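# Reading the structure
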Amino acid sequence: MRIGILGSGLMGGKLGTIFARAGHEVIFSYARSEQKLNKLARDAKGKAKAGTPGDAARQADAVLLAVHWSRMDDVLRQAGDLSGKVVVSCSLPMNADDAALVVAHTSSGAEELAKKMPQARFVSAFNTVPSEVLFGVYAAKRKARRSRFGPSLVYCGDDPKGKKVAVELIRDVGFDPVDAGPLRIARYTEPFALLVAQLAYEGKGGPELAYRFERFDG
Ligand SMILES: NC(=O)c1ccc[n+]([C@@H]2O[C@H](COP(=O)([O-])OP(=O)(O)OC[C@H]3O[C@@H](n4cnc5c(N)ncnc54)[C@H](OP(=O)(O)O)[C@@H]3O)[C@@H](O)[C@H]2O)c1
């Protein structure tokens, strides 16, 4: 797959690197310096290059949206038309000091974003884990190829093709995808992401925290 990374920071930089190492063609875009994008592309050691958000959106089959909420309108304006593209968003609707969700309860960041791009195949994924776990989960997957389950990763969306692509990407990283349902369920997964962050950053174990859901069958 060709994957455009819109926002090459903690999440986009790491996920793009993993996608490239998993064999996808990756275009890193949207950082404050071009040197950073070029370095990410070089260090990814796969088929990766740096580009503009417009390149990333035009050339890719799927894009990862990974910017702070305050940068969203800017990156989307630079990306241009996303019609028909699979858009996987890990972005949370955080306020300026990252202390609270600015959209919650009766809607979610994911639903508000999807309204801005009604022709895109929008999926919410990867926002319920701290970026610090991503390389570890990928390394664990490569070490134990035959083990069936990695940690869980919750995703949701209304577009079946978009969700299929998200499942492939989630598995590529080494997570076990958990389909939480339609996009409106992001109202519950986004606050859950804050719970995970709270446990990861304030808890004893530090940020390297992933979780696993098991069905209890009695
Ligand atoms: N980090 C996590 O563990 C985590 C977990 C779950 C969800 N999320 C969500 O994922 C999204 C991305 O988070 P993140 O932690 O990856 O953020 P980040 O590290 O700040 O990355 C955001 C990217 O946007 C770029 N950027 C910021 N301002 C810019 C500007 N004026 N012009 C061009 N580029 C600019 C940054 O450039 P530079 O690279 O030059 O700084 C960076 O590449 C957020 O919505 C966050 O809520 C993050």
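To start, this report covers the structure provided alongside it. (Residues numbered from 1 in each chain as written. Predicted model: local features only at pLDDT ≥ 70, side-chain atom pairs only at ≥ 80, totals over all residues. Heavy atoms only, no water.)

Further remarks concern the site of the ligand. Lining the immediate surroundings of the ligand are 20 residues, of which Met 11, Arg 32, Lys 36, Val 67 and Ser 131 lie closest. Take Ser 8: an N or O atom from its main chain is 3.2 Å from an oxygen atom of the ligand. Between the ligand and Ser 131, the relevant distance is 2.8 Å, taken from an oxygen atom to a main-chain nitrogen or oxygen of the residue. Here the ligand has 890 Å² of accessible area as a free molecule, and 78% of this is covered by the chains. Most atoms of the ligand, that is more than half of them, are within 2 Å of grid points of the largest pocket. (Near = heavy atom within 4 Å. Polar contact = N/O pair within 3.5 Å; in protein donor to acceptor, adjacent residues only side chain to side chain. Areas by Shrake-Rupley, 256 points an atom, 1.4 Å probe, with all protein chains shown as cover. 1 Å grid on protein atoms, 1.4 Å probe; cavity = no way out; pocket = protein on both sides within 12 Å on 5 of 7 lines; lining within 4 Å. Sits in = over half its atoms within 2 Å of the grid points.)

Pairing analysis gives 4 bridges linking strand β2 (residues 25-29) to strand β3 (residues 47-50), with the strands arranged parallel. Paired with Val 26 across the bridge in β3 is Ala 48. (Pairing = 2+ DSSP bridges. Helix = DSSP H or I, 4+ residues; strand = E, 2+ residues; numbered from the N terminus.)

On the secondary structure map, Met 72 appears in helix α4 (residues 72-79). You can call Met 72 buried: its relative accessible area is 2%. Once the C-alpha coordinates of Met 72 and Leu 113 are considered, the two residues, 41 residues apart in sequence, prove to be 8.8 Å apart. What Met 72 contacts, discounting residues up to four positions off in sequence, is Leu 65, Val 67, Ser 91 and Leu 113. (Buried < 20%, exposed > 50% of the residue type's maximum accessible area, 1.4 Å probe, protein only. Contact = heavy atoms within 4.5 Å.)

With respect to the helices, strands and loops of the structure, Val 154 is situated in strand β7 (residues 152-157). Between the alpha carbons of Val 154 and Asp 176 there is a distance of 8.6 Å; along the sequence they are 22 residues apart. Discounting residues that sit within four places of it in the chain, Val 154 has contacts with Ser 124, Ala 125, Phe 126, Thr 128, Val 178, Ala 180, Thr 189, Tyr 211 and Phe 213.

What follows concerns helix α2 (residues 34-44). If you check which residues of α2 are buried, you get Leu 37, Leu 40, Ala 41 and Ala 44. When α2 is viewed along its axis, its buried side chains cluster within an angular range of 95° and face the same direction. Opposite the buried face of α2, at more than 90 degrees from it, the exposed residues are Gln 35 and Arg 42. Looking at the buried residues of α2, the elements they touch are α1 (10-21), β2 and β3. The first or second residue beyond α2 is Lys 45, which carries a positive phi of 55°. (Arc of directions from axis to C-beta.)

Let us now look at the sheet that holds strand β1 (residues 2-6). Read across the open sheet, the 8 strands follow the order β3-β2-β1-β4-β5-β6-β7-β8; overall the sheet is mixed. At either end of the open sheet lies a strand with only one pairing partner, and these are β3 and β8 (176-179). Direction aside, neighbouring strands of the sheet carry axes that sit 25° apart on average. In the sheet, strand β6 (residues 121-124) pairs with β7 via 2 bridges, with the strands oriented antiparallel. (Axes fitted to C-alpha atoms, helices over the stretch in contact; angles between N-to-C directions.)

By the burial criterion, the buried members of helix α5 (residues 109-116) are Gly 109, Ala 110, Glu 111, Leu 113 and Ala 114. Looking at the buried residues of α5, the elements they touch are β4 (62-65), α4, β5 (86-89), β6 and α8 (186-202).

Turning next to the side chain of Glu 111. Looking at where Glu 111 falls in the secondary structure, it is placed in helix α5. Among the polar contacts listed, one links the side chain of Glu 111 to the side chain of Arg 187, at a separation of 2.8 Å.

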